[in-house]
Amino acid sequence: MRDARHCPACGSLLHFEDPSDPSFSALRFVAVDLLRWAALALLLAFLWAPSEVREWYAALAFVAFAAWLYLRPRQRAQAARLLAHRRYRCPRCQREYAGGDLA
Ligand SMILES: [Zn+2]
């Protein structure tokens with residue numbers, strides 16, 4: 001698992017809990033990822049569409065792709081910030097760590 005962390009003191013697997021972050025929305029995260037697939041679908045539609053509606057599909061694909069390019073770095077930064085603030089607790093020696101300490 002990508003998020004798995006081990007205790008620096010005793011090596012056992014750490015438990016974590018995410019802080020409640022109102023600015024982080026899992027739904028929005030998924031929506032931004034969907035933009036990429038929407039752009040791809042629109043691109044395919046553009047390739048197969050009759051010529052009179054082709055330009056619309058091309059324009060929509062471009063808009064979806066541009067929005068994805070614009071929003072994706074923000075989403076990444078937000079996810080990284082969330083991981084850095086995540087609290088980890090060792091079940092064996094009861095030490096606590098912040099995500100930033102373990103990176
Ligand atoms: Zn430990």
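Our subject is the structure listed above.
Small disclaimer: the values here were computed from a predicted structure and weren't measured.

Chemist: I would appreciate a short explanation of the overall build of the protein chain in the present structure.
Modeler: In terms of helices and strands, the protein chain carries 3 helices and 3 strands. From first element to last, N terminus to C terminus, the protein chain shows the α and β order β-α-α-β-β-α. Scaling as 2.2 N^0.38, a compact globule of 103 residues should have a C-alpha radius of gyration of about 13 Å, whereas the protein chain reaches 21 Å, well beyond that. Over its C-alpha atoms, taken along the principal directions, the protein chain stretches across nearly 70 × 25 × 20 Å. Here the protein chain holds 103 residues, and the buried ones make up 20% of them. Of the contacts made within the protein chain by residues no fewer than 6 positions apart, 61% connect residues no fewer than 24 positions apart. Across the protein chain, the 14 positively charged side chains and the 9 negatively charged ones have centroids separated by 6 Å.

Chemist: Just to check I follow, could you spell out the coordination of the zinc ion for this structure?
Modeler: Expected angles at a metal are 109.5 degrees for tetrahedral coordination by four donors and either 90 or 180 degrees for octahedral coordination by six donors. Taken together, C7 (SG), C10 (SG), C90 (SG) and C93 (SG) make up the full set of protein donors to the zinc ion, lying 2.2 to 2.3 Å away. Coordination at the zinc ion is tetrahedral, judged from the 4 donor atoms that bind it and the angles of 100 to 124° they form at the metal. Taking the relative accessible area as the measure of exposure, C93 reaches 30% and is therefore partly exposed.

Chemist: Could you clarify how one ought to interpret the packing of aromatic side chains in this entry?
Modeler: Using the criterion set out here, one finds 2 aromatic pairs in the structure. If you follow R54 out to its NZ or CZ, it ends over the ring of F46, 5.0 Å from the centre. Over the aromatic face of F16 sits the side chain of R86, whose NZ or CZ is 3.8 Å from the ring centroid.

Chemist: How should I be thinking about helix α1 (residues 26-48) in this particular structure?
Modeler: Side chains of residues three or four places apart in an α-helix project in the same direction, reflecting 3.6 residues per turn. Here α1 is 23 residues long and its end C-alpha atoms lie 33 Å apart, about the 33 Å a rise of 1.5 Å per residue gives. When we look at burial in α1, the residues that qualify are V32, A39 and L42. Those residues of α1 hidden inside the fold are in contact with α2 (51-85).

Chemist: Can you walk me through the environment of C10 in this structure?
Modeler: Checked against the element boundaries, C10 lands in the segment before β1 (15-17). Residue C10 is classed as partly exposed on the basis of its relative accessible area, which comes to 28%. In sequence terms C10 and L69 are 59 residues apart; their C-alpha atoms lie 42 Å from each other. When near neighbours in sequence (up to four residues on either side) are disregarded, C10 contacts C90, R92 and C93.

Definitions and cut-offs
- Residues numbered from 1 in each chain as written.
- Predicted model: local features only at pLDDT ≥ 70, side-chain atom pairs only at ≥ 80, totals over all residues.
- Heavy atoms only, no water.
- Helix = DSSP H or I, 4+ residues; strand = E, 2+ residues; numbered from the N terminus.
- Rg over C-alpha atoms; globule rule 2.2 N^0.38 Å.
- Buried < 20%, exposed > 50% of the residue type's maximum accessible area, 1.4 Å probe, protein only.
- Contact = heavy atoms within 4.5 Å.
- Lys, Arg positive; Asp, Glu negative; His and termini not counted.
- Charge placed at Lys NZ, Arg CZ, Asp CG, Glu CD.
- Donors = N, O, S within 2.8 Å, 3.2 Å for Na, K, Ca; no water.
- Tetrahedral: all angles 85-135°; square planar, octahedral: opposite > 155°, others 65-115°.
- Phe/Tyr/Trp six-rings, centres within 6.5 Å; stacked < 30°, edge-to-face > 60°.
- Lys NZ or Arg CZ within 6 Å of the ring centre and 35° of its normal.
- Expected span 1.5 Å × (residues − 1).

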